[in-house]
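# Observations on chain architecture
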Amino acid sequence: MRRSRIRRVATIAAAGGVLAGLFAGAAPSAALPAVPEKAAVTAAPDIPLANVKAHLSQLQSIAAANGGNRAHGRAGYQASLNYIKDQLDSAGYTTTVQAFTTSGTTGYNLIADRPGGDPDHTVMAGSHLDSVTAGPGINDNGSGSAAVLETALAVARTGYQPTRHLRFAWWGAEELGMIGSDHYVDNLASADRSKIDAYLNFDMIGSPNPGYFVYDDDPGIEDVFQDFYAAKGIPTEAETEGDGRSDHAPFKNAGIPVGGLFTGAERTKTTTQAQKWGGTAGQSFDPCYHRSCDTTANIDDTALDTNTDALAHTVWTLGSQAPPPPGTVFENTADVSVPDAGAAVTSPIAVTGVAGNAPSALEVGVDIQHSYRGDLVVDLLAPDGTAYRLKNSSYFDSAPDVVTTYTVNASAEVANGTWKLRVQDVYSGDTGFIDSWKLTF
Ligand code: DTR
Ligand code: ZN
Ligand code: ZN
Ligand code: CA
């Protein structure tokens, strides 16, 4: 049984190596910001399959009444959005319709915020609402849209009070290339991006010949999903084709931890997969993918029910975690010799599990032992290579050592990645070494 690794531990550093301080035991992994203790998680309710299927019936009726589809720029999409928005408005959500233009047509995202929770630590769950023009798009992606909607309604129905802020989203024009979700992320201010601790994506979660695929992008989120399936004895596989194939891509590209579920599209189920999941080997997971037969008959009820409950479990679990404490520290205590009047040397720190961008007041603590500090030029290198000058050389500054903390506005940099301290001794005579350095986010 995989255990979630999300708990806070002291920072440690291995000689010659670098270690983040977010996770005990295992090597650090990119994941949700750690929490000192998991708040008591109020268990998610079972989400009634009948409610989810009722939404699918509505979406199919909408398609039938609007030219047979719910595609971007068509009346069926607008009617789908209105249906979902009405449900959320009645349940007390703060809804926003965000317009964008693509292919010369206006598209729309629907964003629904649950009042309450810590807005500096937001958990998002989203799905694309548009279909292809070929049909009603009930599995792709009424399934994800209905599951996210019914989970949001369950939050309201149960009076669940999460620690983190909850936001739900329905994207436009995914079928044209994740246009709506891209537009949303592009228009998020950097400070708002860093407030999103997790984005969960649900695109095709009721395929008629289903597989159980869990996104493996962020191990912390993946663990939460895996705990659910393990408790039910359902084997899963890592969803590996998704990068770039659905609406989590813009969030991941912005450095936001992502996760999600998928039951398969055009690819064929193998014999091994059929042995563990049932269904038909040699047949695609969804034979009606992007076809007119993607109707309410194109849904596997067990997969839809199970995945909707997994969605709710993960929203409740992540929503109930206390926000991470300020000041997550990453440190490297490996000594690095600085050659006298020689080439620059670097010391790396791998930062993981910090959502969004680095802060505008990133603290850089350095301890450089040297007999004549005026020899030294010191820079901070961000993961993308951008250099931030911390100290210039100074021919007449004969004092020893550089032991101080610099504050850098690194808000333009994605936090996760390998940062480096670069030190060069530019005058002959006197020498020293990097004793340790650390970053505090
Ligand atoms: N792009 C999605 C279907 C899709 C195909 N592969 C994946 C992987 C992960 C999520 C979704 C998908 C669509 O056609 O909407
Ligand atoms: Zn599709
Ligand atoms: Zn889709
Ligand atoms: Ca020197």
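Residues numbered from 1 in each chain as written. Chains lettered and ligands numbered in written order. Predicted model: local features only at pLDDT ≥ 70, side-chain atom pairs only at ≥ 80, totals over all residues. Heavy atoms only, no water.

Under the annotation held in an unreviewed UniProt entry, the protein carries the name M28 family metallopeptidase and is attributed to Streptomyces meridianus.

## Section: the site of ligand 1
Stated precisely, the cut-off is as follows: Near residues are defined by distance, with any heavy atom within 4 Å of the molecule or strand qualifying the residue. Identification of polar contacts relies on pairs of N or O atoms within 3.5 Å, with a donor-acceptor requirement for protein atoms, meaning one able to donate a hydrogen and the other able to accept it, and with residues adjacent in sequence counted only if both atoms are side-chain atoms. Computed with a 1.4 Å probe, the accessible areas rest on the Shrake-Rupley method; for each residue, only the protein chains presented here act as cover. Gly counts as polar in this scheme, as do all residues outside two lists: the nonpolar Ala, Val, Leu, Ile, Met, Phe, Trp, Tyr, Cys and Pro, and the charged Asp, Glu, Lys and Arg.
Taken together, 15 residues lie around ligand 1, and D140, E174, R245, Y289 and H290 are the ones closest in. One of the side-chain N or O atoms of D140 is found 3.1 Å from an oxygen atom in ligand 1. At a separation of 3.3 Å, an oxygen atom of ligand 1 approaches a polar side-chain atom of E175. When ligand 1 sits alone it has 360 Å² of accessible area, and the protein chains cover 97% of it. Broken down by class, the residue content of the shell around ligand 1 amounts to four nonpolar, four polar and seven charged.

## Considering the pairing of strand β4 (residues 164–171)
Our working definition: Only protein chains enter the accessibility calculation, which uses a 1.4 Å probe. A residue is then buried if its area is under 20% of the maximum for its type, exposed if over 50%, and partly exposed in between. A run of DSSP states H or I qualifies as a helix once it reaches four residues; a run of E qualifies as a strand once it reaches two. Both are numbered from the N-terminal end. Two strands are counted as paired when DSSP detects at least two bridges linking them. We call a crossover right-handed when, viewed with the strands running away from us, the connection from the first strand over the helix to the second turns clockwise.
For β4, the tally of buried residues reaches eight of eight residues, placing the bulk of the element in the interior. The pairing of strand β2 (residues 105–113) with β4 spans four bridges and is classified as antiparallel. Residue pairing for β4: D113 is matched across the bridge by R167. Inspection of the sheet shows strand β3 (residues 118–128) paired to β4 by eight bridges, in the parallel sense. The residue bridging G126 from the neighbouring strand is A169, located in β4. Following the chain from β3 across helix α3 (residues 138–158) to the adjacent parallel β4, one finds a crossover that is right-handed.

## Describing the state of the cysteines
We apply this condition: In this description, a disulfide is simply a cysteine sulfur pair whose atoms lie within 2.5 Å.
Taken as a whole and assessed by the stated rule, the structure comprises one disulfide. Disulfide pairing places C288 opposite C293 at an S-S distance of 2.1 Å. Residues C288 and C293 share a disulfide whose torsion about the S-S bond is about -115°; that sign makes it left-handed. A residue is classified by how much of its surface remains accessible, and C288, at 12% relative accessible area, is buried.

## What to know about the packing of helix α1 (residues 49–64) against helix α9 (residues 301–319)
What counts, and what does not: Convention adopted: a line fitted to C-alpha atoms gives each axis, helices being fitted over their contacting stretch, and angles between N-to-C directions are expressed from 0 to 180 degrees. Here the word oblique covers every angle except those under 35 degrees (roughly parallel), over 145 (roughly antiparallel) and from 65 to 115 (roughly perpendicular). Each helix crossing is assigned a hand: it is left-handed if the near helix lies turned anticlockwise from the far helix by less than a right angle, otherwise right-handed if that turn is clockwise. Any pair of residues with heavy atoms lying within 4.5 Å of one another is described as a contacting pair.
Two elements in contact, α1 and α9, have axes separated by 10 Å at closest approach and are oriented at 110°. With respect to each other, α1 and α9 are oriented roughly perpendicular. Of the two possible hands of crossing, α1 and α9 adopt the one that is right-handed. Contacts between α1 and α9 involve L49, V52, K53 and L56 from the first element and D301, L304, D305 and T308 from the second. By residue class, the composition of the contact of α1 with α9 is four nonpolar, one polar and three charged.

## Quick look at the sheet that holds strand β16 (residues 417–425)
With respect to topology, four strands assemble into an open sheet ordered β11-β16-β13-β14, the strand pairing being antiparallel. The two strands at the open ends of the sheet, each matched to only one other strand, are β11 (345–351) and β14 (387–391). With strand direction ignored, the average angle separating the axes of adjacent strands in the sheet is 20°. As defined by bridge partners, strand β13 (residues 376–381) adjoins β14 across four bridges and the pair is classed as antiparallel. The residue bridging L381 from the neighbouring strand is A387, located in β14.

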